[in-house]
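Working through the structure, step by step
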Amino acid sequence: MDELPIELNVITLNCWGRKYASQYRHERLTAIGRYLATIEPLPHIVALQECFEYEDYLSIRRETRFVLPFGKFYHSGAFSCGLVILSRWPIEESSMVPFPLRGRPSGLLRGHLSMGTEGVACARIRYGDGEEDVVEVFNTNTHSSYDHPLHKNSYNIHRFSQSWEIAKLVRNAAERGHLAVVLADLSATPLSLPYRLLTSHAAIRDAWRVLYPDSSLGPTSHELERARGRPTPGAAFNVTENGVTSNSAYNTWAWSRSEQRALRSGKRPMLISPDIPDEDGQRVDYIFFSRGGDPHASPTDLSEILSAHNTYTDDGLGAAHSSPPGWVVKDVRVGLMARHPDLGCSLSDHFSVEATLVLHTPTPLRHRRRHRSRSGSRSRSRSNSRAPSATLGGDEIPMVLKRSGTTISRSQTPRATSTPTTSNNNRSEIRPPREKPKEQRGRPMTPSFTSTDAGINTIGARAAAMEQGTYLQSPTASSYRRGSWDRAAWDLQLSSSELGTPPRLPLAAYDEILHLIEAHALRTQRQQRLGIAHFGFWLVVLVASYVGVWFLPDGSRGAFGLLVASSLGFAAGVVTLLFAVLFYAAELNQLSEFEWEIRNAKAVISGMGPDVLMHQGSEEEKAW
């Protein structure tokens, strides 16, 4: 086994490789393979969605055989699930877990050929000899909503159920102490119900929102995005700050048909200005990751991190605090924006999401305090005209002192480039902050995450307000901005405020899901009855036709037409009967399972006792 990696480069991409429905499919997917083989930094793990044809998979494998020598094409259903995982290291174990609810037969009429094949492609990849040197990768592409309103969308329950199943798989992997990475096209915007259902029931974080907490929540027409009151973003800003991967103004497949015809004709170069308004761009592709390591280890307390990095101690005393290592996000970006060199079109209708994860060990508390003590004399001799700052590992973090506490934020330079220290010996320097009022001395300093909308300056209050439906503006800068090489920022990512109890869904969200389950079950039962009635009607018509031909003259064309029409109608009735007896009945059973799990989760979160949990079943069970 090679030397253990401390960085992990992962990529997720929806290839748009539907047979007969995707233009230039073979040429584009071959170019995608070349991109994966030449991108810097070289990827370690790649997840592809909508790569339905095995020949396209082989084409990508030929291009990436030296960079990603191991791969798995997942088979599911009659039309394939389109999921692929490529890896630098051997795939130790693999499985394809189908979703209980994975589309409806009507999806075939929409060209949704993967109906019934959706699931989670799971791969266990070992990168070292240790028991915990394992990455568990989960690749999935959940069902599309087809842009229907929530109360009229018969596919929302399928999407909720799929997010729920992903969360259960990821939670089990995280409890084993492995790094869990979810690479997914969720077909859902950030902070939507499927998104929150996943993040609230699995100890994972969205890599993009870790570094870009102020990123958009959908296109400008989205309800939550309108509530933010932000101006329409430009195309470049949408990609670099909001992480837009779908419907971007830069993507040629999102253009109008006339613009696509002009592009193919080559009459004029189709150049997109970085400032052009991008109203429809949205982020639906995600990289989620867990902390990894011992699942029972306590995360570093945030007050200890801030006390160690922001306060000055003359004696440098303090007990050493040994925190377990964990995975943090170093950088995340949107990729695959280049066009095909010959065709001039984008390589897919989605852009890729690329992230670099780092295995980071939090700085011991004693080391940080002694480090400050050695540099304290030099810090005090410097001019106090500028804002207090701390340099840890060569990066400078401006400290902005406020009455409510101390806000730590990286300078908002493009791509968050780090500022090198001016120390000749390259040692870390800690400048003592300005003297605080007496009532604040000795008090652990906590960061002030101020919301300009509601004036709420604590993480817990912001989360509670969000759960209650109040939208809060995110801060314009993060304590751990994108591309950060700062150990203090990585320590904050492993702090208890970030890795403590996952944010819980409000009880109202569970009630909403239960209401939608009930409405969907009633709709399914009605369709089941209609299917049976349709079969019965055509059965009667067929029998009547065979009886009626006896009373028609011999050789009559009417008799022949009557028999043909009744036979075709009866055949359609048999199909609807099969749907009613097989598909709709199975869907009702799966809905019952999903309803029980949601009710049970709601009961546990609301603090109900064991006596209440015993009666979460049917009315007959409650009567016992």
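Residues numbered from 1 in each chain as written. Predicted model: local features only at pLDDT ≥ 70, side-chain atom pairs only at ≥ 80, totals over all residues. Heavy atoms only, no water.

Brief notes about the overall build of the chain
Worth spelling out the cut-off: Secondary structure is summarised from DSSP: a helix means a run of H or I of at least four residues, a strand means a run of E of at least two, and numbering begins at the N terminus for each. Whether two residues are in contact is decided by their heavy atoms, any of which lying within 4.5 Å being enough. Note on areas: Shrake-Rupley, 1.4 Å probe, and residue coverage restricted to the protein chains presented here.
A tally of helices and strands in the chain yields 17 helices and 15 strands. Taking as baseline every contact in the chain between residues at least 6 positions apart, the subset at least 24 positions apart corresponds to 74%. For the chain, the accessible area works out to roughly 29,300 Å², and carbon and sulfur atoms hold 55% of it.

A short note on the packing of aromatic side chains
Put simply, the rule reads: Note on aromatic contacts: the rings of Phe and Tyr and the six-membered ring of Trp form a pair at centre separations within 6.5 Å, being stacked when their planes are under 30 degrees apart, edge-to-face when over 60 apart, and tilted otherwise. A 1.4 Å probe rolled over the protein chains alone gives each residue an accessible area, and that area as a share of the maximum for its type sets the label: buried under 20%, exposed over 50%, partly exposed in between.
Throughout the structure, instances matching the rule amount to 15 aromatic pairs. Arranged with centres 5.4 Å apart and planes meeting at 45 degrees, the rings of tyrosine 57 and phenylalanine 73 form a pair that is tilted. Of the two residues, tyrosine 57 is situated in helix α2 (residues 54-64) and phenylalanine 73 in strand β3 (residues 70-73); the sequence distance between them amounts to 16 residues. In this structure tyrosine 57 comes out as buried when scored by relative accessible area, which is 5%.

Some points on the nonpolar core
Cut-off, in case you're wondering: To form a nonpolar core, buried Ala, Val, Leu, Ile, Met, Phe, Trp, Tyr and Cys residues must be joined to one another through side-chain atoms within 4.5 Å.
In terms of nonpolar packing, the biggest core is built from 37 residues, with Leu8, Ile45, Val135, Leu183, Ile287 and Val332 touching the most fellow members. Setting aside residues up to four positions removed in sequence, isoleucine 45 forms contacts with Leu8, Asn9, Val10, Ile11, Leu86, Ser87, Ile125, Val135, Val137 and Leu183.

Points about the pairing of strand β2 (residues 45-51)
Put simply, the rule is: Two strands are said to pair when DSSP picks up at least two bridges between them. By convention, orient the strands away from the viewer: a clockwise path from the first strand over the helix to the second makes the crossover right-handed.
With 7 of 7 residues buried, β2 is to be regarded as a mostly interior element. Judged from the 6 bridges that link them, strand β1 (residues 7-17) and β2 form a sheet pairing that is parallel. Considered in β2, the bridge of threonine 12 is made with alanine 47. The parallel pair β1 and β2, bridged by helix α1 (residues 25-38), forms a crossover whose chirality is right-handed. Pairing geometry for β2 and strand β4 (residues 84-87), over 4 bridges, is antiparallel. Bridge pairing in β4 links leucine 48 to valine 84.

As for unusual backbone geometry
Here the amide bond leading from glutamate 40 into proline 41 is cis, since omega sits at -5 degrees, within 30 degrees of zero. Topologically, proline 41 is positioned in the loop between α1 and β2.

Structural notes on the pattern of salt bridges
Spelled out, the test is: Note on definitions: salt bridges are taken to be side-chain nitrogens of Lys or Arg within 4 Å of carboxyl oxygens of Asp or Glu.
By the definition in use, this model includes 17 salt bridges. With its nearest N and O atoms 3.1 Å apart, the salt bridge here joins glutamate 92 to arginine 124. With glutamate 92 in strand β5 (residues 91-98) and arginine 124 in strand β6 (residues 119-126), this pair connects stretches of sequence that are 32 residues apart.

A word on the environment of isoleucine 204
Here isoleucine 204 shows up in the loop between α4 (193-200) and β9 (205-206). Ignoring any residue separated from it by four or fewer positions in sequence, one finds isoleucine 204 in contact with Val170, Val182, Leu198, Thr199, Phe288, Phe289 and Ser290.

Here we look at the packing of helix α3 (residues 156-175) against helix α14 (residues 507-548)
The line we're drawing: All axes here are fitted lines through C-alpha atoms, helices being fitted over the stretch that makes contact, and every angle between N-to-C directions spans 0 to 180 degrees. Comment on the angle field: the value is read as roughly parallel under 35 degrees, roughly antiparallel over 145, roughly perpendicular from 65 to 115, and oblique elsewhere. Helix crossings are classified by the rotation of the near helix relative to the far one: an anticlockwise turn of less than a right angle makes the crossing left-handed, while a clockwise turn makes it right-handed. For this classification, Asp, Glu, Lys and Arg are treated as charged, while Ala, Val, Leu, Ile, Met, Phe, Trp, Tyr, Cys and Pro are nonpolar and the rest, including Gly, are polar.
At a minimum axis separation of 10 Å, α3 and α14 run at an interaxial angle of 130 degrees. With respect to their mutual orientation, α3 and α14 come out oblique. When the axes of α3 and α14 are compared, the crossing they make is left-handed. For the pair α3 and α14, contact is made by Ile157, His158 and Phe160 and by Ile513, Leu516, Ile517 and His520, respectively. Of the residues in the contact of α3 with α14, the class split is 5 nonpolar, 2 polar and no charged.

Focus on the confidence of the model for the chain
In regions of low pLDDT, the predicted coordinates are not meant to be interpreted in detail. Using the following cut-off: Each residue carries a pLDDT value, the predictor's own confidence for that position, ranging from 0 to 100.
The predicted model of the chain averages 76 in pLDDT, with 67% of residues at 70 or higher. Residue range residues 369-484 is modelled with pLDDT below 50. Its contacts to residues more than four positions away, or to other chains, number 230 contacts.

Topic: the side chain of threonine 189
Note that threonine 189 resides in the loop between β8 (179-185) and α4. Accessibility expressed as a relative area gives 8% for threonine 189, which makes it buried. Sequence-distant contacts of threonine 189, that is, excluding residues within four places in its chain, are made with Tyr195, Leu217, Gly218, Pro219, His222, Gln282, Arg283 and Tyr286.

Quick word on the sheet that holds β4
Spatially, 6 strands are ordered β3-β4-β2-β1-β12-β11 in an open sheet, and the strand pairing comes out mixed. Both outer strands of the open sheet, β3 and β11 (326-335), are each paired with one neighbouring strand and no more. Mean inter-strand twist for the sheet, computed between neighbouring axes without regard to direction, equals 15 degrees. Bridge analysis of β11 against strand β12 (residues 352-360) gives 9 bridges, and the strand direction is antiparallel. Residue valine 328 lies in a different strand from β12, and its bridge partner there is valine 358. With respect to the sheet, α2 is in contact with β2, β3 and β4, its orientation differing from that of β3 by roughly 170 degrees.

Section: the sheet that holds β9
What the 6 strands build is an open sheet, ordered β5-β6-β7-β8-β10-β9; its pairing is mixed. Both edges of this open sheet fall to β5 and β9, since each of them pairs with a single strand only. Sheet strands in contact with α3 are β5, β6, β7 (134-141) and β8, and its direction is about 175 degrees off that of β7.

Some remarks on α3
So the rule is basically this: Here, expected helix span is obtained from the residue count minus one, scaled by 1.5 Å.
Compared with an ideal rise of 1.5 Å per residue, which puts 20 residues at 28 Å, α3 spans 29 Å between its outermost C-alpha atoms and is within 8% of the ideal. Most of α3 sits out of view: 15 of its 20 residues are buried. Directly beyond the C-terminal end of α3, a positive phi value near 85 degrees is found at glycine 177.

Overview of the side chain of arginine 333
Formally: For the purposes of these results, a polar contact is taken to be a pair of N or O atoms within 3.5 Å, where, inside protein, one atom must be able to donate a hydrogen and its partner to accept one; residues adjacent in sequence count only when each atom of the pair is a side-chain atom.
In this structure, arginine 333 sits in strand β11. Side chain to side chain, arginine 333 and aspartate 331 meet in a polar contact 3.3 Å long.

Examining the pairing of β6
Burial within β6 is extensive, with 7 of its 8 residues counted as buried. Relative to β7, β6 runs antiparallel, the two sharing 7 bridges. Considered in β7, the bridge of arginine 126 is made with valine 134.

Focus: the packing of α14 against helix α15 (residues 557-605)
Where α14 meets α15, the axes come as close as 7 Å, and the angle between the chain directions of the two elements is 160 degrees. It follows that α14 is roughly antiparallel to α15 by the angle criterion. Both α14 and α15 take part in a crossing whose hand is left-handed.

Brief notes about the environment of arginine 124
The exposure class assigned to arginine 124 is partly exposed, which follows from its relative accessible area of 23%. A sequence separation of 30 residues divides arginine 124 from serine 94, and the C-alpha atoms of the two residues are 6.2 Å apart.

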